[in-house]
Amino acid sequence: MESVDLLYKAIYILAIFGITLLIATYSTYFERKIAAFIQDRVGPNRAGPAGLLQPLADAGKLFFKEDFIPAKSNKALFILGPGVAMLVATMSSAVIPFGDRLIVGGHEIVLQAIEVNIGVLYIFGVVSLGVYGLMIGGWASNNKYSLLGAIRAASQNISYELAMGLSLIAVLMMTGSLSLREIAEQQAGFNWNIWYQPLGFIIFLVCAFAECNRTPFDLPESEAELIGGYHTEYGSMKLGMYLFAEYINIFVASAVMSTLYFGAYNFPFMENLRQAISDPILANNVVTLVGVVAMFTKIFLFIFFFMWVRWTLPRFRYDQLMKLGWKILIPLAILNIILTAGGILLKDYLF
Amino acid sequence: MEPLSNRRKQVEKKEMTFAERAYLPAIAQGLSITLKHFFKKKATIQYPEQTRERSSVWRGLHVLKRDEEGRERCTACGLCAVACPAEAITMTAGERKVGEENLYREEKYAVTYEVNMLRCIFCGLCEEACPKAAIFLQDDKIAPARFERDEFIYGKDRLVEPLKTTETK
Ligand code: SF4
Ligand code: SF4
């Protein structure tokens, strides 16, 4: 790799990292605003114009709180827990294609940190590592509520990862590739996967909620019965890291869903726009930039949906959660695979 | 048993339909309800800048009135303290000395007069009990939040109406 490329990659990775953190920070703000609006309130509005500095104030508060480690806890693991959660959460956005390619000065710049042909597997691997953060934290706290929260987190993630993977297989059967970029490219224009995989998408969506520990599946941290679950013993910025990791996970889940089912950076009438501009390089750049905007619009809509659902639905009971995962979602996902296979065979037979 | 009213209804447990068991229609309905609230007018009143409109008979912070010549009206009869259901009022009475006629209207006056705002329920019975029209609950002031309990015991310094220094026509 040329040194210019390396430099560009470094800048791009830093930019993505920064954007991820920024979006996660402001997700907390929007979460509170959306919660307030849904409950006919106005939400934070004192810190800065329209309360926009609220996340900074929150972060400041978390930083200056006492950093407490319980006496009987396992100190190393206690510190490691939130670190793992945060690290894993920020790692997963590396393979997501946020845009097509830009051409600057004859250089082709791909708007994706790492182009790997196993992007989907990478995401899955990294996301399933995320539960280690919760497990380690819950275990190290030496508190039965934390432990119960950690156990719930682990069993919930395992159960729902199965259905998630199965629903994904249907997409992979259609696209024939594990590379997120290729999956994105195949959905050019308005040819999005959601039109072919509505059932798969719903399964994936439900599982994404469970993987992110969001309501209605926020059993690992259910305040009512577990007083916060795995982060009961945490305070200060360690708690902040856990909460932050949750929001980053939401961002990544939204990005993955947009990529897999909603055409990533593709938008309707893309080719018309490309042809409307005579200079091919300029046309390419314009289309790419609009594509980036489209991608982020989709991501934000998904984040909004996550929050909207949180302030609408109550929490599942634990047995209901397991029943939904094993007895409903997994069979449905298998059915979806069979239907997709049938569809592909039919298409091959007819054309 | 025979029902006393004919409003009794037989409760039955219906099997859920498929749509009900599938969760999703109900979830969609719930989401539409919350979305409607998202765009609704908000009920919040931005407190320090805006205040809720009060009724004309609203009872707020007490005031000890002066008469037209600026003399305190209260004669320390204690009727307000007796009437008070919350026992929020305490006072000590004193005799007016010669030369103090411009300060107190009656021969007996309240040397101290305290209302404990933490006890007071703002019922207004003190106002009704007073034979001298000396105590009133103002309609525009409230007892603000404070950090110490003793600061809620309002003495004469904070209860007595300030002297009007300039003559208003
Ligand atoms: S308003 Fe009622 S409670 Fe308060 S001091 Fe007067 S009589 Fe007592
Ligand atoms: S305020 Fe009225 S009722 Fe109370 S002691 Fe004074 S004169 Fe009597």
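All of these numbers come straight from a predicted model, not from anything done at the bench. Each chain has its residues counted from 1, following the order in which its sequence is written. Written order determines the labels here, with chains lettered from A and ligands numbered from 1. Given that the model is predicted, a residue must reach a pLDDT of at least 70 before its local features are reported, and side-chain atom pairs must reach 80 or more before they are shown or counted; all residues, however, enter totals for whole chains, interfaces and linings. For the side-chain quantities, the full set of heavy atoms in the structure was used; hydrogens and water were omitted.

Trainee: What's the story with the UniProt feature "binding site: [4Fe-4S] cluster 1" (unreviewed entry) in chain B in this structure? I'm lost.
Mentor: Residue and element names in this part refer to chain B. UniProt positions are given in the numbering used here, feature names are shortened, and annotations may be inferred rather than shown by experiment. In the numbering used here, UniProt assigns the "binding site: [4Fe-4S] cluster 1" (unreviewed entry) feature to Cys 74, Cys 77, Cys 80 and Cys 130. Of the residues just listed, which span 57 residues, no C-alpha pair is farther apart than 10.3 Å, and they cluster in one region. In this structure, the second largest cavity is lined, among the annotated residues mentioned, by Cys 74, Cys 77, Cys 80 and Cys 130. Among the secondary structure elements, Cys 77 is positioned in the loop between β1 (62–64) and α3 (79–83). Put simply, the grid is 1 Å and covers the protein atoms alone, a cavity is a trapped set of points that fit a 1.4 Å probe, a pocket is an open set with protein on both sides within 12 Å along at least five of seven lines, and lining residues have an atom within 4 Å of a point. Helical segments are the DSSP runs of H or I of at least four residues, strand segments are the runs of E of at least two, and each set is numbered from the N terminus.

Trainee: Teacher, can you tell me more about the interface of chain B and chain A here?
Mentor: Buried accessible area, meaning the area lost when the parts come together, often serves as the stated size of an interface. Counting from both sides, the interface comprises 16 residues of chain B and, opposite them, 18 residues of chain A. Throughout, the accessible surface (probe 1.4 Å) given up by two parts as they are put together, summed over both, is called the buried area. Buried surface at the junction of chain B and chain A, both sides included, amounts to about 1,500 Å², of which 69% is carbon and sulfur. A per-residue breakdown of the area chain B buries against chain A is headed by B:Leu31, B:Phe38 and B:Lys42, which together make up 36% of the total. For this document, the term salt bridge refers to a Lys or Arg side-chain nitrogen within 4 Å of an Asp or Glu carboxyl oxygen. Where chain B meets chain A, there are 1 salt bridge. The partner of A:Arg46 in a salt bridge is B:Glu49, and the shortest N-O contact between them spans 3.2 Å. Counted as a polar contact is a pair of N or O atoms within 3.5 Å, where, for protein atoms, one must be capable of donating a hydrogen and the other of accepting one, and residues adjacent in sequence contribute only when both atoms are in side chains. Scanning the region where chain B abuts chain A turns up 9 residue pairs in polar contact (both at pLDDT 80 or more). Between two residues, a contact is recorded if the distance between any of their heavy atoms is within 4.5 Å.

Trainee: How should the site of ligand 2 be read in this particular structure?
Mentor: The cutoff for a nearby residue is simple: one of its non-hydrogen atoms must lie within 4 Å of the molecule or strand. Neighbouring ligand 2 are the residues B:Cys74, B:Thr75, B:Ala76, B:Cys77, B:Gly78, B:Leu79, B:Cys80, B:Met91, B:Tyr113, B:Cys130, B:Pro131 and B:Lys132. Put simply, Ala, Val, Leu, Ile, Met, Phe, Trp, Tyr, Cys and Pro go in the nonpolar bin, Asp, Glu, Lys and Arg in the charged bin, and everything else, Gly too, in the polar bin. Looking at the shell around ligand 2 residue by residue, the classes come out as 9 nonpolar, 2 polar and 1 charged.

Trainee: Any chance you could explain the UniProt feature "binding site: [4Fe-4S] cluster 2" (unreviewed entry) in chain B here in plain terms?
Mentor: All names here are of chain B. Those residues carrying the UniProt feature "binding site: [4Fe-4S] cluster 2" (unreviewed entry) are Cys 84, Cys 120, Cys 123 and Cys 126 in this numbering. For the annotated residues, spread through 43 residues, the largest C-alpha to C-alpha distance comes to 10.4 Å, consistent with a single compact locus. Mapping Cys 84 onto the fold places it in the loop between α3 and β2 (89–95). Among residues more than four places away in sequence, those in contact with Cys 123 are Arg 59 and Pro 85.

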